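Next come the chains, spelled out residue by residue.
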Amino acid sequence: MNNNLHLRGNLRLISLPADGTSLPGLGLLPVVIGGMQNNIEISHNIRLTVGANLDITGGVVLVKRPQEPFVVKTGFGAGSLSIVTGSFDIALVNENRQPTIVIGTADGSRIEYEKLSIGVHFEVNSSSKNELRFEIDLKGLKLVISKTNSDSFVNKILPENGIAVEADLTLGYSTLRGFYFQGSGGLEYQLPTHVKLGPVSIDNILLSLKYSGSLRIATTADFSVSLGPLELVVKNIGMKGSVILGSGGIGGIGFNLGFKPPTGVGIQVKASTVTGGGFLNYDEDKFTYTGGLELKFSKISLSAIGILTTKMPDGSNGYSLLIIITAEFTPIQLGMGFTLNGVGGLLGLHRTINVERLKSGVKDKTLDSILFPHDIVKNASAIISNLSQVFPVKKDRFLIGPMAKLGWGTPTLITIELGVIIEMPSPILLAIVGIVKVILPAEASPVLKLQINFVGIVDFEKKQLSFDASLYDSSLLSFPLTGDMALRLYWGEKPNFLMSVGGFHPKFTPPPMNLPQLQRLALQLAKSDNLSIRVETYFAITSNSVQFGARVDARARAWKIEAIGALWFDILFQFSPFHFTADMGAMFEIRKGGDCILSIYMSLTLEGPGPWRVQGEGSFKIAFVKVHVSFDKTFGQAQTETIAPVTIHQKLIDAIQSKDNWQVIGPDRSHQVTAFRDITGTTGSNLVVDPFGTLVLSQKVAPMGIRLAKFGTSAISDVNQFQISGVTVGTGGNTVPLGFQRVKDFFAPNSFFYLTDDEKLSKDSYEKYDSGVSIGASSEIQADYFVHKEIAYDEIILDSRQRIKFQTSLLSKAEFALHTMDNYITAATISDTRKNTPFGGPAKLAVQDFGYVIADKNTLSQAGGYQAFGSKTEADIFLNGLAGSPGYNDYMVVHLSEI
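All figures in this text were calculated on a predicted structure; none of them were measured in a lab.

### Some points on the overall build of the protein chain
Step number 1: Each helix and strand counted, the protein chain has 10 helices and 49 strands in total.
Step number 2: Here the protein chain has roughly 53,600 Å² of accessible surface; of this, 60% comes from carbon and sulfur atoms.

Encoded structure:
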């Protein structure tokens, strides 16, 4: 017998504060912490273990207050005081030196274990319910199926060394949890049988025993069937069952047994006229069916792939479906050397487009999974994964997309795979996906191999167009070709435009238009440890600039000597007056073992013409001698404007008189209190304005209310500032002045003002300037007069003797307000009640338009006496006009939000 007893205790005396009507008193807290552990040897391999522990640290207190008897309280835990806890264990352990066989023989099939423990555990906790547990614990439980003494069939299907699987299992019952099952894993074994029964071949048999909330048992098989040119493969079909402890049934144990459908079915056809195959898989955990088919009929190739989900991602009832079907055939001549090589389509129910994932697909093989996919059976996992990511499940969104495969040349030298995918209903999204492949002069011996993947997105709700393209798996001779292209066009509230092939000028910061990291258009002429040569270029157009540049990098290595060289230029153009800035440079360096023994570096910036300016620096180093020079030279005469100036006064008058620039905006239908007959069809070219509507003039020739520096690429020879000062209606002496509000529209600043190079690279492409006026009624409906009226109602009283009594009563203002709190008039959008802050609610927010002000640099507060401006350009022009005035050097233009 092995005894292990430890016990520690003491008493604590504490003062107790007054509690209600009870006077202050004293408390005596016993502190007891201890435990015991005994092992009683019953035989050489069987022992009885008994264990217990107790923790009373402030959980029990003896309380004495004046004029009150002694009181014993439990659960006295407060502050740092704990609660009463304890446990008692007793277990019978059979721990053999050799495994104990339950069923079978030592040299044959058997079930055995290494250690068996049967125990009872009782746990006390004064803060929660007490628990009693009974457990049977098996360690090293093993199932062995041996070929010894087995019949011929079993000997044939079993592996040479038989089967042996092992796991630890615990079966228990708790007064709190009921029956439970625990284990270190499950019993699972796959038998590679390869048994052939006529046309049926059994390839594998899977036996599994697992626990996941319930005890799951399954027996499944993989088999194939060969019927002439047709071969069918079925995966994991068989029987499955579960044992649920504590669920009722017989002795508190529930049973469930049934058919297990296959997780996959494959088919392959090898006939003289038809070849190909397909598959159908089922993911039980995700409730998803996936399938694919690829067949070739003579000169026609048919492909189909589909994903069906029978539950929504959140677990709710519902379904989603995605199908892609394509057919390729002998090219059909379309004329001009073009051919139609294939057609197809996409259909998605309760599916949407993941725009960002689709865009990223231009740089990998994602588009190959959408447009005319090949080798569907072989690449099933990748294709299904790509489609699930690009077209995820989303309720009440639908996709439809026709596809076409075009070619040019005979044999085909250029191939274009194109798909147009429409997502609906509103907001409607249009996606254009494509792959362009060029192989010259022939596919067998290509000199030029190009593959351009592209994705275009038109978001009609956001009023945005984006186009991304990338060179993929391309080369010239044996030299890799890489590069990206992007185009953005925003025509909504913040219009902008840019296009880039290979990136941007190094000093250019692209606007926030969700642009990817663009790789330069590059040709890698050599890439090895001893020699590397790379040539790259780019070209970009924005609404304010034109940019292009190129760079060559070379590196050569022999023994410990390394030579590095680079040559580059970056150019920014302005057309009127013609001006350009060119940054260029060159460097050459020779290193030995990491030390520079010779280097030459030069960079310069050339601006011109009229006058020309060259500035830059250069350095030369050899061994320990280093020479550095810098220069800044200006030469030549200023050039006069070579483009003839233009007049814009008449252009603006023509724009104001053009009916296309006038717009009639009717009132919200819910605001109308009178209906008017539509007479627009009888008025010819005249505009008909609703009495509650608005007449808007907005022209796009030139901004108003600001002095213009140029018009497009030309100087202005007549008037360079325009303003509408008043609006009247009538003819002759019968004119009536009308109120109006100024309206704004977007204009490109570079078309009307001279911008510095830095401004071209950083300034917004479009800004809002005055473009016209708005004439008409305000949003408030007004009346000429109103009257006060008392609200009266008749009260009719019918008593038990059928006598009728009439009485007229008046409704007070307070009562009337109470009755109108939620009626139809109060709920109308034009009601003053809707515009007021709800009782007890937060104040309504008002959003102001963006603006710019002249601010003091020292205090960052608005400079006194200067108004706010609608655009930064207007503020800059006004600030330039203050040159020479007191305080000018302390002024700056800031956004209104910074004040």
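### Section: the packing of aromatic side chains
Step number 1: On inspection of all chains with the given rule, the structure shows 13 aromatic pairs.
Step number 2: For the pair Phe504 and Phe508, a centre-to-centre distance of 5.1 Å together with 40 degrees between the ring planes defines the contact as tilted.
Step number 3: Phe504 gets classed as buried once you look at its relative accessible area, which sits at 10%.
Step number 4: Residue classification places Phe508 among the buried positions, given a relative accessible area of 9%.
Step number 5: Ring centres of Phe747 and Phe752 lie 5.9 Å apart, and the angle between their planes is 80 degrees; this geometry places the pair in the edge-to-face category. Across the pair, Phe752 and Phe747 agree in class, each one buried.
Step number 6: Taken together, the aromatic side chains of Phe548, Phe569, Phe573, Phe580 and Trp612 make up a single cluster linked through ring pairs.
Step number 7: The residue whose ring lies beneath Lys311 is Phe287, and the NZ or CZ to ring-centre distance is 5.6 Å.

### Here's the deal with the pattern of salt bridges
Step number 1: In this structure the tally under the stated criterion is 19 salt bridges.
Step number 2: Across the pair Arg555 and Glu562 runs a salt bridge whose closest N-O atoms are separated by 3.7 Å.
Step number 3: Assessed through its relative accessible area of 26%, Arg555 is described here as partly exposed.
Step number 4: Among the residues examined, Glu562 registers a relative accessible area of 16% and is labelled buried.
Step number 5: Residue Arg613 pairs with Asp632 through a salt bridge whose shortest N-O separation is 2.9 Å. Of this pair, Arg613 sits in strand S38 (residues 612-622) while Asp632 is found in strand S39 (residues 625-635), placing the two residues 19 residues apart along the sequence.

### Observations regarding unusual backbone geometry
Step number 1: Each neighbour pair has its own omega, and for Met424 with Pro425 the value is 0 degrees, a cis peptide bond.
Step number 2: Note that the residue after Leu440, namely Pro441, is joined by a cis bond; omega there is -5 degrees.
Step number 3: Position of Pro441 relative to the elements: it lies in the loop between strand S25 (429-440) and strand S26 (448-459).
Step number 4: For Asn514, which is not a glycine, the phi torsion comes out positive at approximately 55 degrees.
Step number 5: Its location among the elements puts Asn514 in the loop between strand S31 (496-501) and strand S32 (521-527).
Step number 6: Judged by relative accessible area, Asn514 falls into the partly exposed class, the value being 42%.
Step number 7: Not every positive phi belongs to a glycine, and Leu860 is a case in point at roughly 50 degrees.
Step number 8: Take Leu860: it is sitting in the loop between strand S48 (852-856) and helix H10 (872-880).

### Points about the side chain of Asn341
Step number 1: Along the chain, Asn341 turns up in strand S22 (residues 338-351).
Step number 2: Only 2.8 Å separates the side chain of Asn341 from the side chain of Thr339, close enough to count as a polar contact.
Step number 3: Ignoring sequence-local partners within four residues, the contact set of Asn341 consists of Ala327, Glu328, Phe329, Pro331, Lys405, Leu406, Gly407 and Thr412.

### Looking at the nonpolar core
Step number 1: With 30 residues, the main nonpolar core has Ile353, Leu358, Leu387 and Phe391 as its most contacted residues.
Step number 2: Residue assignment for this core shows that the elements contributing at least two residues are strand S20 (300-311), strand S21 (317-335), helix H2 (355-360), helix H3 (366-370), helix H4 (380-390), strand S23 (393-408), S25 and S26.
Step number 3: With five residues, the top contributor of residues to this core is H4.
Step number 4: Excluding its chain neighbours within four sequence positions, the residues that come into contact with Leu387 are Ile305, Ile307, Leu322, Ile324, Ser369 and Ile370.
Step number 5: Residues Leu652, Leu697, Phe753 and Val773 belong to the second largest nonpolar core, which totals 17 residues.

### Here we look at the confidence of the model for the protein chain
Step number 1: Here the protein chain shows a mean pLDDT of 80. Residues at 70 or above account for 81%.
Step number 2: No element of the protein chain has a lower mean pLDDT than helix H1 (residues 152-157), at 54, and none a higher one than strand S27 (residues 464-471), at 95.
Step number 3: Every residue in residues 77-82 is under pLDDT 50, and counting partners more than four places away or in other chains gives 10 contacts.

### Looking at the sheet that holds strand S45 (residues 767-776)
Step number 1: Across the sheet, four strands lie side by side as S40-S41-S45-S44; this open sheet has antiparallel pairing. A single partner strand is all that each edge strand has here, and the edge strands are strand S40 (662-665) and strand S44 (740-747). In this sheet, neighbouring strand axes are inclined to one another by 30 degrees on average, regardless of whether the strands run parallel or antiparallel.

### What about the pairing of strand S29 (residues 479-482)?
Looking down a regular strand, the side chains alternate between one sheet face and the other.
Step number 1: Alignment of strand S28 (residues 474-476) against S29, held across three bridges, turns out to be antiparallel. For Leu476, the partnering residue across the bridge sits in S29 and is Phe479.
Step number 2: Linking two consecutive strands that pair antiparallel, namely S28 and S29, is a turn of two residues; a positive phi of about 55 degrees is found at Leu477 within it.
Step number 3: The sheet contact formed by S29 and S32 spans two bridges and is antiparallel. Across the sheet, residue Leu481 finds its bridge partner in S32, namely Leu523.

### A short note on the environment of Leu280
Step number 1: With respect to the helices and strands, Leu280 occurs in strand S18 (residues 274-283).
Step number 2: In sequence terms Leu280 and Gly291 are 11 residues apart; their C-alpha atoms lie 4.1 Å from each other.
Step number 3: Ignoring any residue separated from it by four or fewer positions in sequence, one finds Leu280 in contact with Thr263, Gly264, Val265, Thr290 and Gly291.

### Focus: the environment of Lys768
Step number 1: Relative to the helices and strands, Lys768 resides in strand S45.
Step number 2: Sequence spacing of Lys768 and Lys744 is 24 residues, and the spatial spacing of their C-alpha atoms is 5.8 Å.
Step number 3: In this structure Lys768 touches Glu493, Lys744, Asp745, Phe746, Gly870, Ser871 and Glu874, once residues within four positions along its chain are discounted.

Basis of the calculations
- Residues numbered from 1 in each chain as written.
- Predicted model: local features only at pLDDT ≥ 70, side-chain atom pairs only at ≥ 80, totals over all residues.
- Heavy atoms only, no water.
- Helix = DSSP H or I, 4+ residues; strand = E, 2+ residues; numbered from the N terminus.
- Areas by Shrake-Rupley, 256 points an atom, 1.4 Å probe, with all protein chains shown as cover.
- Phe/Tyr/Trp six-rings, centres within 6.5 Å; stacked < 30°, edge-to-face > 60°.
- Buried < 20%, exposed > 50% of the residue type's maximum accessible area, 1.4 Å probe, protein only.
- Lys NZ or Arg CZ within 6 Å of the ring centre and 35° of its normal.
- Salt bridge = Lys/Arg side-chain N within 4 Å of Asp/Glu carboxyl O.
- Polar contact = N/O pair within 3.5 Å; in protein donor to acceptor, adjacent residues only side chain to side chain.
- Contact = heavy atoms within 4.5 Å.
- Core = buried A, V, L, I, M, F, W, Y, C linked by side-chain atoms within 4.5 Å.
- pLDDT = per-residue confidence, 0-100.
- Pairing = 2+ DSSP bridges.
- Axes fitted to C-alpha atoms, helices over the stretch in contact; angles between N-to-C directions.

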